[in-house]
Amino acid sequence: MNKVRTSVLKATAIAPSNIAFSKYWGRKDNILRLPANGSISMTLSDLLTTTTVEFSPAYERSSPSDKKDQVTINGGGIEEGEEMRVIKHLDRVRKLSDINFKAKVASKNNFPAGTGLASSASGFAALTLAAISAAGLRLSDKELSILARQGSGSACRSIPGGFVEWLNGDTSETSYATQIFPSDYWDIADVVAIFTEEKKEVSSSTGHEAAQSSPFFKTRIAGMKQKNEEFKRFIKQRNFEKFGQLLEREALEFHAITLTQNPYLIYWTAGTLATMKKTAVLRNKGLPVYFTVDTGQNIHLFVEGKNIKRLVSELKKLEGIKNIIINKPGEGTRLSENHLF
Ligand code: PMV
């Protein structure tokens, strides 16, 4: 870690969301957010969070009755629990630097938050790089990934670009994400079908804590290492059919855990289910497409680059579809000169 002291304690970062091919669900350590298994993901080109952080003594004086960091998302307020997570993360950065000032944080997503599109991943990745840079520190990608993970587990996978592995470390220092293939290695796309922009009812943080109560959890964990090896092999071979089949099997296995944990969580809606079934119909019509779903109603459909147009025209025919976002493998978290305030 290098200290680069500047007079302006302000910085802006842009961070992508990521989609897990193999899911992080359940933890070995809830405080450090150490996952029960490693996971493989793709960094997304078009689901982005931009965050500006400024540390200043002015923010102590401007709200004497409420001496805390000021946080806004998309120009509006933020839920109390979420605000506490952001403040805790700023505290981690203050601990690493010698800055004790309060901060102003403004964040903007180019997609609806809390709907299973991993806004906490891009959100905490952007907050990590912006806050670290505003504090005048320079961290390696590994250090940034470790720090981002403590804000939101999957955020550690949004630091690198392209195809990414979150290593299954047993300690904070060994649990971080690293690039396995660059973004231009394979021309595939994650086409996100959005059915609702409403927030999901249960956060994934709460869901992780109950994962182990599923009678199938141990069986799942026992197979994750091999599954991750297979994902890496199919990506390396650019074997879309094998990759897609594994992607769907893994998504359904993950939801088998959420459905059988106590209390159970049902994230799908009628639209999600209809689209899952539609993928099989489209494959029979000669369009290779495979799905995955996280903790939300919206569904991610994978196709090879050459088939994006065909898939989009099929999706437009679906009842209740609100929006379609096309993602290629994207670059990782980076700094920007365009401050939000
Ligand atoms: O990082 P969290 O707490 O938002 O958990 C992410 C959980 C999943 O999206 C379902 C899986 C994953 O690996 O991203």
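Everything below is about the structure printed above this text.
Residues numbered from 1 in each chain as written. Predicted model: local features only at pLDDT ≥ 70, side-chain atom pairs only at ≥ 80, totals over all residues. Heavy atoms only, no water.

A. Structural view of the overall build of the protein. For the protein, the helix and strand inventory stands at nine helices and 15 strands. Radius of gyration (C-alpha) of the protein: 20 Å, near the 20 Å computed for a compact globule of 341 residues. Dimensions of the protein along its principal axes, counting C-alpha atoms only, are 65 × 40 × 40 Å. Evaluated residue by residue, the protein yields a buried proportion of 56% over its 341 residues. For the protein, restricting intrachain contacts to residue pairs at least 6 apart in sequence, the fraction spanning at least 24 positions comes to 76%. On the protein, roughly 14900 Å² of surface is accessible, and the fraction owed to carbon and sulfur atoms is 51%. (Helix = DSSP H or I, 4+ residues; strand = E, 2+ residues; numbered from the N terminus. Rg over C-alpha atoms; globule rule 2.2 N^0.38 Å. Buried < 20%, exposed > 50% of the residue type's maximum accessible area, 1.4 Å probe, protein only. Contact = heavy atoms within 4.5 Å. Areas by Shrake-Rupley, 256 points an atom, 1.4 Å probe, with all protein chains shown as cover.)

B. Region of interest: the sheet that holds strand E12 (residues 290-292). The antiparallel open sheet is built from four strands, whose spatial order is E12-E13-E11-E14. Either end of the sheet is taken by a strand with one partner, and the two such strands are E12 and strand E14 (323-327). Going across the sheet, the axis of each strand differs from the next one's by a mean of 25°, ignoring polarity. Sheet topology note: the strand E11 (residues 188-194)/strand E13 (residues 299-304) ladder contains six bridges and is antiparallel. Each bridged residue has a counterpart across the sheet, and for isoleucine 188 the counterpart in E13 is glutamate 304. Contacting E11, E12 and E13, helix H7 (residues 240-260) runs over the sheet at an angle of about 35° to E12. Sheet strands in contact with helix H8 (residues 270-284) are E12 and E13, and its direction is about 20° off that of E13. (Pairing = 2+ DSSP bridges. Axes fitted to C-alpha atoms, helices over the stretch in contact; angles between N-to-C directions.)

C. Summary view of the site of the ligand. Close contacts around the ligand come from 13 residues, with Tyr24, Ser154, Arg157, Ser204 and His208 the closest. Between an oxygen atom of the ligand and a side-chain N or O atom of serine 154, the distance comes to 2.6 Å. Side-chain polar atom of aspartate 294 to an oxygen atom of the ligand: 3.3 Å apart, as the coordinates give it. When isolated, the ligand has an accessible area of 380 Å², and the protein chains bury 95% of it. When residues of the shell around the ligand are assigned to domains, at least three map to each of domain 1 (2-184) and domain 2 (188-327). (Near = heavy atom within 4 Å. Polar contact = N/O pair within 3.5 Å; in protein donor to acceptor, adjacent residues only side chain to side chain. Domains from an automatic or database assignment.)

D. Representation of the packing of helix H3 (residues 119-134) against helix H4 (residues 141-151) within the structure. Two elements in contact, H3 and H4, have axes separated by 9 Å at closest approach and are oriented at 125°. One way to sum up the angle between H3 and H4 is to call them oblique. Note that H3 runs across H4; the crossing there is right-handed. In this structure, H3 contributes Phe124, Ala125, Thr128, Leu129 and Ile132 to the contact, and H4 contributes Leu144, Leu147, Ala148 and Gly151. Classifying every residue of the contact of H3 with H4 gives seven nonpolar, two polar and no charged. (Parallel < 35°, antiparallel > 145°, perpendicular 65-115°, else oblique. Left-handed = near helix turned anticlockwise from the far one by under 90°. Nonpolar A, V, L, I, M, F, W, Y, C, P; charged D, E, K, R; others polar.)

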